[in-house]
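Understanding the architecture of this molecule
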Amino acid sequence: MTEPLRIGILGAARIAREALVEPAAVTGDRLVAVGARDRTRAEAFAAEHGVERVHDGYADVLADAAVEVVYNPLANALHGPWNLAAIAAGKHVLSEKPFAANAEEAREVAAAAQAAGVVVVEGFHHVHHPVLRRVVEIAASGEIGTVRRVETTFEMPAPADDDPRWSADLAGGAVMDIGCYALHVQRTLGRAVLGGEPRVTTAEATQRFPGVDARLAADLEFPSGATGRARCDMEAAAFALPARVVGDRGEVLARNFGLPTRDDRVEVTVDGTTRTEHLGTRPTYLYQLEALRAHLREGAPFPLDLDDAVANAELIDAAYAAAGMAPHPRLPAPAH
């Protein structure tokens, strides 16, 4: 058994249960501390999830000598500033996506992490699961022929109107919350199969509030000549997360690349014949925490790096620009 990770949590976000608390219960990693703007919320979170101690705020979590890894699930605009603050405190960081409010801020976070010699990773948990790994493997194998097209979608029902995901000040919007996944899968396939990073050719968006997109669709082109389309909709009737890769002999379809706990099917069609593979409903977030632990404790490779985080932020900015929207502005550094 390797030594458990000692994790401090910024805030009491709902996503923390699925993304960290439940996986840590399996891996045996320690939830050392939590801090929130409202101490009462932090106390309730700690009591429910077995966090060892409560701090008055985020800065106090960073100052806790027992914390070695900071989990940042705050609102989007707070990712960059508090990632930078955690780096300055000498902590490793598991940041919820997106890595920062825009590409400029992402580059600053990456440079700070490199200079400090700490590990900072973006929480694109889907890359760790066998479902997406299998899609990439099949696309790269030549089984479906030369890849011509990649289609990725992330749709979900609308959050409440007062949800931070609809806040322009907090870098909300469909692309920032869910479209970043659809773009990341495009990039993953681009790097592995299609000659490198895709570029945005056109995009269109519908805004629910000024500067906050409810849906966006971006058309992409890869160095190989293949094309892609990434779609997101934060006002859909239901969750839908398919990823489809089309070649000149067939196609591979992941029914739910982001939440395989709900549907782990990968369907492969070649020359008119279809087979279905089941890759397992073990949670993506559990794979992610195991991968981070192996990286920090054993030096095992981690599939995402700082360059990947910056490149995804650049693609997000490009999609917004093509749709006639400005990138989200960054917030000032937090007061300590």
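Our subject is the structure that appears above.
Rules used in this analysis
Residues numbered from 1 in each chain as written. Predicted model: local features only at pLDDT ≥ 70, side-chain atom pairs only at ≥ 80, totals over all residues. Heavy atoms only, no water. Pairing = 2+ DSSP bridges. Helix = DSSP H or I, 4+ residues; strand = E, 2+ residues; numbered from the N terminus. Axes fitted to C-alpha atoms, helices over the stretch in contact; angles between N-to-C directions. Phe/Tyr/Trp six-rings, centres within 6.5 Å; stacked < 30°, edge-to-face > 60°. Buried < 20%, exposed > 50% of the residue type's maximum accessible area, 1.4 Å probe, protein only. Salt bridge = Lys/Arg side-chain N within 4 Å of Asp/Glu carboxyl O. Contact = heavy atoms within 4.5 Å. Polar contact = N/O pair within 3.5 Å; in protein donor to acceptor, adjacent residues only side chain to side chain.

Considerations on the sheet that holds strand E3 (residues 53-55)
Read across the sheet, six strands follow the order E3-E2-E1-E4-E5-E6 without closing on themselves; strand pairing throughout is parallel. Two strands close off the open sheet at either side, each with one partner strand: E3 and strand E6 (120-122). For this sheet, the mean angle separating the axes of adjacent strands, direction not counted, is 20°.

Some remarks on unusual backbone geometry
Cis geometry is adopted by the peptide bond preceding Pro98, which originates at Lys97 and carries an omega value of -10°. Mapped onto the elements, Pro98 comes out in the loop between strand E5 (92-95) and helix H5 (103-116). Unlike most non-glycine residues, Asp271 shows phi in positive territory, near 50°.

Quick notes on the sheet that holds strand E7 (residues 147-155)
With mixed pairing, eight strands are arranged side by side in an open sheet as E8-E9-E10-E7-E11-E12-E13-E14. Each edge of the open sheet carries a strand with a single partner, namely strand E8 (199-209) and strand E14 (273-278). Across this sheet, the average inter-strand angle for adjacent strands is 10°, counted without regard to direction. Two strands pair when backbone bridges link them, and E8 and strand E9 (residues 212-221) are joined in this way by nine bridges, in the antiparallel orientation. Counterpart to Ala205 in the pairing with E9 is Leu216.

Notes on the packing of aromatic side chains
Evaluation of the coordinates by the stated rule reveals four aromatic pairs. With a centroid separation of 5.4 Å and 80° between ring planes, the pair formed by Phe124 and Tyr181 is classed as edge-to-face. Here the residue Phe124 occupies a position in the loop between E6 and helix H6 (130-141), and Tyr181 occupies one in helix H7 (residues 174-192), the gap between them amounting to 57 residues. As far as burial versus exposure is concerned, Phe124 and Tyr181 are alike and both buried.

Concerning the pattern of salt bridges
A side chain with one charge may pair with a side chain of the opposite charge, provided their charged atoms come close. On inspection of all chains with the given rule, the structure shows 41 salt bridges. The partner of Asp177 in a salt bridge is Arg165, with the nearest N and O atoms 3.6 Å apart. One end of the pair, Asp177, is in helix H7; the other, Arg165, is in the loop between E7 and H7, and 12 residues separate them in sequence. A relative accessible area of 10% places Asp177 in the buried class. Note on Arg165: relative accessible area 24%, which makes it partly exposed. With a shortest N-O distance of 2.5 Å, Arg282 and Glu290 are connected by a salt bridge.

A short note on the environment of Arg275
Structurally, Arg275 is set in strand E14. Placed 198 residues apart in sequence, Arg275 and Ala77 show a C-alpha to C-alpha distance of 43 Å. Contacts of Arg275, omitting those with residues within four sequence positions, involve Arg134, Ile138, Glu143, Val266, Glu267 and Val268. Within the structure, Arg275 has its side chain in polar contact with the side chain of Glu143 (distance 2.6 Å).

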